[in-house]
Amino acid sequence: MKKTVTTLADGRELLYYDSRDDVVRDAVDPRPLDPVATTSEVRHDPLRGDTVAIASHRQARTYHPPADECPLCPSRDGRHTEIPEPDYDVAVFENRFPSLAGDSGRCEVVCFTSDHDASFADLTDEQAALVLEAWTDRTAELAELPQVQQVFCFENRGAEIGVTLGHPHGQIYAYPFTTPRTAAMLRSADEHRERTGGGNLFDDVVERERADGSRVVLAGEHWTAFVPYAAHWPYEVHLYPRRRVPDLRELDEAARTEFPQVYLELLRRFDRIFGEGEPPTPYVAAWHQAPFRGPGSVNRSEFALHLELFTIRRTSGKLKFLAGSESGMDVFINDVPPEAAAQRLREVASK
């Protein structure tokens, strides 16, 4: 992998990740851009104990542009975008409309491919491996920022999820706090360790699923994918490396090599869940990593890196909405039994 670091016209950082070492990236961003002005502010909710980012400047962000005006495509034919080069493998840049900025963290956009009409599932093993390298590199660098406690790499796909740009891309949020979801998992892990005399909650959950087998979707030599026993979403898969590590930086070469095969197969199965002729399945893919500093980092070696993949589509033409119980009380009601979801995901395996 070759990494090239440069800047856009307004000073935001832009990074190219190339599979070939001989690629030269020297295109300059000629756009007359004003410096980025943000109003990002982090506020603590004393009743719920969580944190909210207030970012009013995001009201002006780009919203569903036509394909020929996509800001994530390469710059070609006299049209200049966020990526000055006429082609690229993987590109990462600071978000022009960040939810978090400055002392409140950092937000980056990850473009998986220059092909506007592709999806992550269309990538080759080599392309997916390069994205993994980019996620890992960004995790390592963002973890060094003193204001950052946790790094979150994720992809939203589909208008139903709320995606405003159709180009295949994801994002990285560098939070100045430990997220509520991670804090809850760490508390559960602490309680499990005390209750079992030193047991690791993540290891025990994965081993229980592998032993039971009814919810296992895919098991490789170095990764295990399963629908969790208490899945919140209609189709939800958790993907764990067999060797527990706290973050992407700690994956060994064997796990990195096998990841593209396993992950691309899962994404392709997601697109086949609802049968032929159905539109692409909307999904969220989220990497859970241990905090790097702050209270949540005390037992970070006990945390297990894993990827969560889920869709809000519950059946053909119907979505799972977060209504009263979910939105008002954080109590999920799932219409699809996890065992049935796992069975369906096994049925649609690639031939």
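Definitions and cut-offs
- Residues numbered from 1 in each chain as written.
- Predicted model: local features only at pLDDT ≥ 70, side-chain atom pairs only at ≥ 80, totals over all residues.
- Heavy atoms only, no water.
- Helix = DSSP H or I, 4+ residues; strand = E, 2+ residues; numbered from the N terminus.
- Polar contact = N/O pair within 3.5 Å; in protein donor to acceptor, adjacent residues only side chain to side chain.
- Contact = heavy atoms within 4.5 Å.
- Core = buried A, V, L, I, M, F, W, Y, C linked by side-chain atoms within 4.5 Å.
- Buried < 20%, exposed > 50% of the residue type's maximum accessible area, 1.4 Å probe, protein only.
- Phe/Tyr/Trp six-rings, centres within 6.5 Å; stacked < 30°, edge-to-face > 60°.
- Lys NZ or Arg CZ within 6 Å of the ring centre and 35° of its normal.
- Axes fitted to C-alpha atoms, helices over the stretch in contact; angles between N-to-C directions.
- Left-handed = near helix turned anticlockwise from the far one by under 90°.
- Nonpolar A, V, L, I, M, F, W, Y, C, P; charged D, E, K, R; others polar.

1. Thoughts on the side chain of Ser99
Part 1 of the reasoning: Note that Ser99 resides in the loop between strand S5 (90–94) and strand S6 (106–111).
Part 2 of the reasoning: At 3.0 Å, the side chain of Ser99 and the side chain of Tyr173 are in polar contact.
Part 3 of the reasoning: Beyond its immediate sequence surroundings of up to four residues, Ser99 is in contact with Ser40, Ala53, Ala55, Arg58, Cys107 and Tyr173.

2. A closer look at the nonpolar core
Part 1 of the reasoning: The biggest cluster of nonpolar side chains holds 55 residues, and the ones touching the most others in it are Phe120, Trp135, Leu239 and Trp287.
Part 2 of the reasoning: For this core, the element with the highest residue contribution is helix H4 (residues 253–270), accounting for 8 residues.
Part 3 of the reasoning: Beyond its immediate chain neighbours, meaning those up to four positions away, Phe120 contacts Phe112, Ala128, Val131, Trp135, Glu155, Tyr263, Leu264, Leu267 and Tyr283.

3. Examining the packing of aromatic side chains
Part 1 of the reasoning: One pass over the full model with this rule turns up 19 aromatic pairs.
Part 2 of the reasoning: Arranged with centres 5.3 Å apart and planes meeting at 75 degrees, the rings of Phe120 and Tyr263 form a pair that is edge-to-face. Here Tyr263 lies in helix H4 and Phe120 lies in the loop between S6 and helix H1 (125–142), a separation of 143 residues in the sequence. In terms of burial, Phe120 and Tyr263 fall into one category: buried.
Part 3 of the reasoning: The ring of Tyr16 has Arg25 sitting right over it, with the charged end atom 5.3 Å from the ring centre.
Part 4 of the reasoning: Positioned above the aromatic ring of Tyr229, the side-chain terminus of Arg208 is 5.5 Å from the ring centre.

4. Thoughts on the packing of H1 against H4
Part 1 of the reasoning: One can describe the packing of H1 onto H4 by two numbers: an axis separation of 9 Å at closest approach and a directional angle of 115 degrees. In this structure, H1 crosses over H4, and the sense of that crossing is right-handed. In this structure, H1 contributes Asp125, Ala128, Ala129, Leu132, Glu133, Trp135 and Thr136 to the contact, and H4 contributes Arg256, Phe259, Pro260, Gln261 and Leu264.
Part 2 of the reasoning: Split into classes, the residues belonging to the contact of H1 with H4 amount to 7 nonpolar, 2 polar and 3 charged.

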